[in-house]
Amino acid sequence: MLKYLLTMAGIIRTAGVAAAVIWPLAAMGSAGAQVLVGGDDNVTPGYGEDGTEGDIFFLRRMTARTQIRALWRRYGAQGNALLMDQAPAAGQAGVTPVSGSAQGPLGNGWTIWSTSEASLLRDRRATVASRGHSLSMTFGVDRQWTPAFNAGVSINAIGARQKTLFNGGHAHSLSLGISPYFQYAFADWLKLDASGGYVYNREKMSRTLPWAATGLHHSNGYMLSAALNASRWAGAWLLSGRAGVIVTRDAWGAYTESDGTFHFKRTDKLTQGVIEATVSYWLDPLMPYAGIAYTRDLASNDPVQNDKDDFTFTAGAAWYGSGALEGLTADFSGAFVVGRKGQRNTTFSLGLRWNF
């Protein structure tokens, strides 16, 4: 038990060091973003009275979480658990690959993967109250180019439907993204993940308050992320932590609703910091896990933001194939976001990976 506690302390200390490195950099980006909010001509000085911009921000915050979560899952401890130096050996021959085997799940060579997510969304803030759901799919392919360097590219699509209760209407949105990504291993237990790419958003709206109208608008933007992650085996326990930053920018074009209401072009800005910790337990060929993540908005021009942080609680299990399915890993999890006033996001995820 003492050995496990000391190992956990090492992971927490590493996450703290990672946070100390990434947080000041994120704060610098945050300060720059706050200056831009005040000086960018593309930012509408007074958001629309119907509150649609605030509603979009809630959805964008959640879709950004979905897009980055898929990439971070690809390089997470569950996907690479059996490749670490101190990973437990297979419980019996033929059930799971021997730890460290290049032919094991997510070993050397090529990997194709996908992540599917279904989310329930709810915002109870009076000026932007809404409820609905979103469905997302992410596909990726990457290669282990050197023992320390893995890189690839992913594509992502998210569709969401919401009842916008604040104006008696509906909103249908679509987000498409393409993101090159890479991981660099400083050591077997400490790695840097980074990604960045283009994001396109479209939203079609209808409302009945204060009178009936419809509208359609688009945005072009980008998303960047960087994180340090650390993992350690302690017997059958796998302890892992991550500290990172997420930056999104969406430039929305001007548009006019069917009733003649004009909306200026604007740029939505969001910079977030994330710290998370996960504990997994090896039950050959399954590995259940549970985790908690803390997310804080470091910079944002959300017009109705009441608070700046939240917690995400996650629980799930990874399964590792054998025999003809030795390269296959499956991962199912559920996550619940709490902490933001009146905002809720419950998500169920299924991840599949094939190494060859």
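An account of the accompanying structure is given in this report. Quick caveat: nothing in here was measured; it's all calculated off a predicted structure.

### Quick look at the side chain of Glu257
Consideration 1: When you line up the elements, Glu257 lands in the loop between strand 8 (255–256) and strand 9 (262–263).
Consideration 2: At a separation of 2.7 Å, a polar atom in the side chain of Glu257 contacts the side chain of His263.

### Considering the pattern of salt bridges
Consideration 1: Inspection of every chain in the model, using the stated rule, returns nine salt bridges.
Consideration 2: Ionic pairing is found between Arg296 and Asp309, a salt bridge with its closest N-O pair at 3.6 Å. Taken together, the residues span a long stretch of sequence, with Arg296 in strand 11 (residues 286–300) and Asp309 in strand 12 (residues 309–320) at a distance of 13 residues.
Consideration 3: You can call Arg296 partly exposed: its relative accessible area is 32%.
Consideration 4: Via salt bridges that share partners, Asp193, Arg242 and Glu276 belong to a single interconnected network.

### Side note on the packing of aromatic side chains
Consideration 1: With the rule as written, the count across this model stands at nine aromatic pairs.
Consideration 2: Where Trp113 meets Tyr181, the ring centres are 6.1 Å apart and the plane angle is 70 degrees; that geometry is what we call edge-to-face. With Trp113 in strand 1 (residues 110–123) and Tyr181 in strand 4 (residues 169–185), the pair connects residues that are 68 residues apart, well separated along the chain.
Consideration 3: Given the relative accessible area of 4%, Tyr181 is considered buried.
Consideration 4: Judged by centre distance (5.1 Å) and plane angle (85 degrees), the rings of Phe262 and Phe264 are edge-to-face.
Consideration 5: Phe262 gets classed as partly exposed once you look at its relative accessible area, which sits at 46%.
Consideration 6: Through a chain of ring-to-ring contacts, three or more aromatic side chains come together here, namely Tyr75, Trp113 and Tyr181.
Consideration 7: The ring of Trp145 carries the charged tip of Arg143 above its face, separated from the ring centre by 4.9 Å.

Each value, and the rule that gives it
- Per chain, residues are indexed from 1 in the order of the written sequence.
- Whole-chain, interface and lining totals are the exception, using all residues; otherwise, since this is a predicted model, local features are given only for residues with pLDDT of at least 70 and side-chain atom pairs are given and counted only at 80 or more.
- Heavy atoms from the whole structure form the basis of all side-chain values; hydrogens and water molecules are not counted.
- A run of H or I in DSSP counts as a helix once it spans at least four residues, and a run of E counts as a strand once it spans at least two, with each numbered from the N terminus.
- Pairs of N or O atoms within 3.5 Å make up the polar contacts considered here, provided that, within protein, one atom can donate a hydrogen while the other can accept it, and that residues adjacent in sequence are counted only when both atoms are side-chain atoms.
- Every case where a carboxyl oxygen of Asp or Glu lies within 4 Å of a side-chain nitrogen of Lys or Arg is listed as a salt bridge.
- Only protein chains enter the area calculation, which uses a 1.4 Å probe; residues under 20% of their type maximum are buried, those over 50% are exposed, and those in between are partly exposed.
- Aromatic contacts are taken between Phe, Tyr and Trp rings whose centres are within 6.5 Å, Trp giving its six-membered ring; a plane angle under 30 degrees counts as stacked, one over 60 as edge-to-face, and the others as tilted.
- Lysine and arginine charges are scored as sitting over a ring when NZ or CZ, respectively, is within 6 Å of the ring centre and within 35 degrees of the ring normal.

Honestly, it's all geometry; don't read function into it.
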